[in-house]
Amino acid sequence: MTYSIETSIHGLAVYKIDKYPRGSVLEGQDRKTLVDFYDTLKLAKADYPQATVGFYDPMNHYDGSLVNGWEAHS
């Protein structure tokens, strides 16, 4: 499991990235779940220091074009 910090219309959004569980129609595919919103990157990183800053595409679609799902930003 990992986390991403991404821009949103509500400031910065933190998402949990993990896998859909056994028994799900999407079993084994990446799952991206909204966790919380933050006003600043400093606040988000304080709660999720290991989070990757940047958009994560779970690529649960047929024509995924990003390498390993990440389009990272510094």
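These figures come from a predicted structure and were not determined experimentally. (Residues numbered from 1 in each chain as written. Predicted model: local features only at pLDDT ≥ 70, side-chain atom pairs only at ≥ 80, totals over all residues. Heavy atoms only, no water.)

### Brief notes about the environment of T7
Threshold: Elements are defined by DSSP. Helices are runs of H or I of four residues or more, strands are runs of E of two residues or more, and each kind is numbered from the N terminus. Burial here depends on accessible area, computed with a 1.4 Å probe over protein chains only, as a share of the maximum for the residue type. Under 20% is buried, over 50% is exposed, and the range in between is partly exposed.
Position of T7 relative to the elements: it lies in strand 1 (residues 2-8). Residue classification places T7 among the exposed positions, given a relative accessible area of 72%. Considered as a pair, T7 and F55 are 48 residues apart in the sequence and their alpha carbons are 8.1 Å apart.

### Let's talk about the nonpolar core
Operational definition: Among the buried residues, those of types Ala, Val, Leu, Ile, Met, Phe, Trp, Tyr and Cys that are joined through side-chain atoms within 4.5 Å form a nonpolar core. Whether two residues are in contact is decided by their heavy atoms, any of which lying within 4.5 Å being enough.
Counting residues in hydrophobic clusters, the biggest one holds seven residues: I5, L12, V14, Y38, A44, Y48 and A51. Each residue touching Y48, except ones within four places of it in the same chain, is listed here: Y3, I5, V14, V35 and Y38.

### Section: the pairing of strand 2 (residues 11-19)
Our working definition: By this definition, two strands are paired if DSSP reports at least two bridges between them.
Alignment of strand 1 against strand 2, held across seven bridges, turns out to be antiparallel. The residue bridging E6 from the neighbouring strand is A13, located in strand 2. Hairpin geometry of strand 1 and strand 2 is characterised by an intervening segment of two residues between the two adjacent antiparallel strands. Bridge analysis of strand 2 against strand 3 (residues 30-38) gives eight bridges, and the strand direction is antiparallel. In the strand pairing of strand 3, K16 is matched with T33.

### Re the confidence of the model for the chain
How we decide: Here pLDDT means the predictor's own confidence in every residue, given as a number from 0 to 100.
Residues at a pLDDT of 70 or more form 80% of the chain, whose mean pLDDT is 85. Within the chain, strand 5 (residues 70-72) has the poorest average pLDDT of any element, 56, and helix 1 (residues 41-47) the best, 97.

### Points about the pattern of salt bridges
Using the following cut-off: The term salt bridge refers to a side-chain nitrogen of Lys or Arg lying within 4 Å of a carboxyl oxygen of Asp or Glu.
Within this structure, the stated rule accounts for four salt bridges. As a salt-bridge pair, K16 and D18 come within 3.8 Å of each other at their nearest N and O atoms. Taking the shortest distance from any N to any O, the salt bridge between K19 and D30 comes out at 2.6 Å. With K19 in strand 2 and D30 in strand 3, this pair connects stretches of sequence that are eleven residues apart. Judged by relative accessible area, K19 falls into the partly exposed class, the value being 49%. Take D30: its relative accessible area is 15%, and that puts it in the buried class. Through salt bridges with shared partners, a single network forms among K16, D18 and R31.

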